[in-house]
Amino acid sequence: MNAASQATLEFLKLYWAPLLCGVAIVAILPLIVGYIVLVERKLMADMQARLGPMRVGPHGLLQPIADALKLLIKEDIIPDNADKLVFWLAPVLSVGAALLSLAGLAIGPAFQIAQDINIGILFVVGISALGIFGIVLGGWASNSHYSLMGALRSSAQLVSYETAAGMALVSALLFTGTLNIKSIVEAQSKEGIWFVMLAPVAFFTYLVASIAETNRAPFDLPEAESELVAGYMTEFSGFRWSLYFLAEYTNMIVVASVATTLFLGGWLRPFAGVGWLNFLDFVPTLLMAGVGAYCIVRAPKQPVRVQQLFMLAVAGLCFVLGLVLVVPLLLPIAKPFYAGIHGGFWFIFKVSLYIYFFMWLRFTIPRYRFDQLMRLGWHFLIPLSIINVLLVGVALIAGSYFNLHGWGLLLVTTPAAVTALVVALLILGAEKERDARQNQTAASDFYAG
Amino acid sequence: MLDKLLFYFFAGVAVASAVLMVTRRNVVHSAIFLITALLATAGIFLQLRAEFLFIVQIILYVGGIMVLFVFVIMLVNLDVALQQIQFARQKWVALLVALALAAQVGFMFWTSGKMPGQGLPVLIAAVAEHLPPNSETVAHSLFESYLLPFEIASVLLLVAMIGAVVMAKKRT
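Rules used throughout
- Residues numbered from 1 in each chain as written.
- Chains lettered and ligands numbered in written order.
- Predicted model: local features only at pLDDT ≥ 70, side-chain atom pairs only at ≥ 80, totals over all residues.
- Helix = DSSP H or I, 4+ residues; strand = E, 2+ residues; numbered from the N terminus.
- Buried ≥ 20, exposed ≤ 12 C-beta atoms within 10 Å, placed from the backbone.
- Contact = placed C-beta atoms within 7 Å.
- Rg over C-alpha atoms; globule rule 2.2 N^0.38 Å.
- Domains from an automatic or database assignment.
- Expected span 1.5 Å × (residues − 1).
- Axes fitted to C-alpha atoms, helices over the stretch in contact; angles between N-to-C directions.
- Parallel < 35°, antiparallel > 145°, perpendicular 65-115°, else oblique.
- Left-handed = near helix turned anticlockwise from the far one by under 90°.

Participant: Honestly, the overall build of chain B in this entry has me stumped. Any pointers?
Facilitator: Of regular secondary structure, chain B possesses eight helices and zero strands. Start at the N end of chain B and walk to the C end: the helices and strands fall as α-α-α-α-α-α-α-α. Per-residue burial for chain B yields a buried fraction of 17% across its 172 residues. Of the contacts made within chain B by residues no fewer than 6 positions apart, 60% connect residues no fewer than 24 positions apart.

Participant: What exactly am I supposed to notice about the overall build of chain A here?
Facilitator: A tally of regular secondary structure across chain A gives 16 helices and two strands. Over its C-alpha atoms chain A spans a radius of gyration of 24 Å, differing by no more than 12% from the 22 Å that the globule rule assigns to 449 residues. Considered along the principal axes of its C-alpha atoms, chain A spans approximately 75 × 65 × 65 Å. Among the 449 residues that make up chain A, the fraction classed as buried is 41%. Here the contacts in chain A between residues at least 6 apart in sequence split such that 77% fall between residues at least 24 apart.

Participant: Looking at this structure, how should I read the environment of G138 of chain A?
Facilitator: Residues and elements named next belong to chain A. With respect to the element layout, G138 can be found in helix α5 (residues 132–141). Placed 50 residues apart in sequence, G138 and W88 show a C-alpha to C-alpha distance of 8.3 Å. Aside from chain neighbours lying at most four places away, what touches G138 is A90, P91, Y232 and F236.

Participant: Sorry if this is basic, but what is going on with the interface of chain B and chain A here?
Facilitator: Often, the extent of an interface is quoted as the loss of accessible area on bringing the components together. Between chain B and chain A, the contact holds 21 residues from the first and 27 residues from the second. For the side of chain B that touches chain A, the secondary-structure elements that each account for two or more residues are α2 (27–47), α3 (51–75) and α7 (134–145) of chain B. At 13 residues, the largest contribution of residues to the side of chain B that touches chain A is made by α3 of chain B.

Participant: Honestly, the domain arrangement of chain A in this entry has me stumped. Any pointers?
Facilitator: Residues and elements named next belong to chain A. According to the domain assignment, chain A consists of domain 1 (28–73), domain 2 (74–268 + 363–441) and domain 3 (275–362). The C-alpha centroid of domain 3 is placed 20 Å from the C-alpha centroid of domain 1. Each partner contributes to the interface: domain 1 provides six residues, whereas domain 3 provides six residues.

Participant: Teacher, can you tell me more about helix α15 (residues 370–401) of chain A here?
Facilitator: With 32 residues, α15 of chain A extends 45 Å between its outermost C-alpha atoms, agreeing within 8% with the 46 Å of an ideal straight helix rising 1.5 Å per residue. In the stretch just after α15 of chain A, N403 of chain A is the one whose phi turns positive, near 60°.

Participant: Help me understand the packing of helix α3 (residues 84–102) of chain A against α5 of chain A in this model?
Facilitator: Between two packed helices, both the angle of their axes relative to each other and the distance between the axes serve to describe the pair. All names here are of chain A. α5 packs onto α3 with a crossing angle of 165° between their chain directions and a minimal axis gap of 7 Å. As far as their axial angle goes, α5 and α3 are roughly antiparallel. As for how α3 packs across α5, the hand of that crossing is left-handed. Along the contact surface, α3 presents V86, F87, L89, A90, P91, L93, S94 and A97, while α5 presents F133, G134, I135, L137, G138 and A141.

So, in structure tokens, the structure goes:
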């Protein structure tokens, strides 16, 4: 065996597991994204007193697969005057960056593709930010004014809100002293308190900034239908369009995972360190059993026999999942799997809640105007997040001076958060005053786009 | 073997895209090649086990500065820009500077007695474990060993930033 093949073998030994995981994620993710879209459509329908997709499968459960099939076999249209190469490259860039950033995330203590990278959270945030080039270049390459406008808005928006998001991350990272994702979650388990309690203002800032970064409503100006047709995606259709869609929803998963890791305790159960609350371990099983029972109750009411069987299959799947979740609690042999299985459950659960909240906001708040968006970013979020970093730092120094840990840290971080809130109110007041002054002198100018 | 292969890959991509960046007539294509060159350099940083530099290169240069570059490029009318003279007439000065730089790099290799790509850390986990974590090292040197230069640089940047804001502000 020569040196080259030996090196290859060594490389494979080290990296075959991550490679396999990567392939699996790339294969499964489109399906997950499809179902997130289905949930979103169902939720939107519910909020607008409609039924949403109902035709394909029971309650439209097979709709994502039908949609994906339709997108795959659609005609691939490239505009005549488009820059062909860049037009081809742009969606791939977007989706590639989004998928690559998933590699750094830790879904439970056992599942992480890029194990223990020192720069963990920075890797995820930095790589996912590269997806913007897909949007900007795609908008430019389409050679259409709507697309270009969407691309311009998108880049301005991202640059503005990335600062606020970064500062919010810094506030939380001050508590950990490390960038490694596993160590961040372990720090929260050691303190016995999630950082959302210690840095609520930072969590709020990150929430708003992450909505803007993923181009979601109410900040979906780059693809505002009422003004720009579909923004940067106007000229894209079929498979390329679906790549953009995949990238957008993957980015949602990424920001939700970052928020979960940093602020919501990652894979930790609520009150992970408290012994007498250990019965909370049975909550996942009960949840699964509840969903399964609901499916069984609803199954006879389906009009078609295939749909009834499908409902029963879903119920069976829920029961199996519940069983998998309960076995490590009851059988001593399966104990080693407890952390991995339950960690994975809680992580995915929290990420889902965060995404659910995104959808909720989308159907509740009307879209912002572009100058309002820019002002919110530069005049409100960025000053607030910078001041919050300072306040959290002061609180941490005070905490170490009084030797406070865990819930005791709330004694110093709560005043800091209250001060940040007062600052926020002051900024808002100053903004309102300025508005009033401007309205007196001249009509406000609409420099949208 | 693999590390050498990766090094030559990244280095080749960096050099090739740098050349392409200068020679393309389309500004957006130039920008794309500049991004590629920066990413390839980041790859070399990563190979040198400087993961913090790697991600800072990507976040700051690629994710921050290049986005602004592309933003500005899109506001420029490309058809007009193409008709203008794109290359400054300073060939001889440029040649002199390039030769001086090449001489410096050559001198470095000559004194160290190593060829480019030699002496790279090997891509084995066992070796990596003995290296101190990069972000911690950077933090210690910035905020302990070289605090004063760091602060001076920060003040300089702050002054530049305030200057830019003052100049951009509307006179009312």
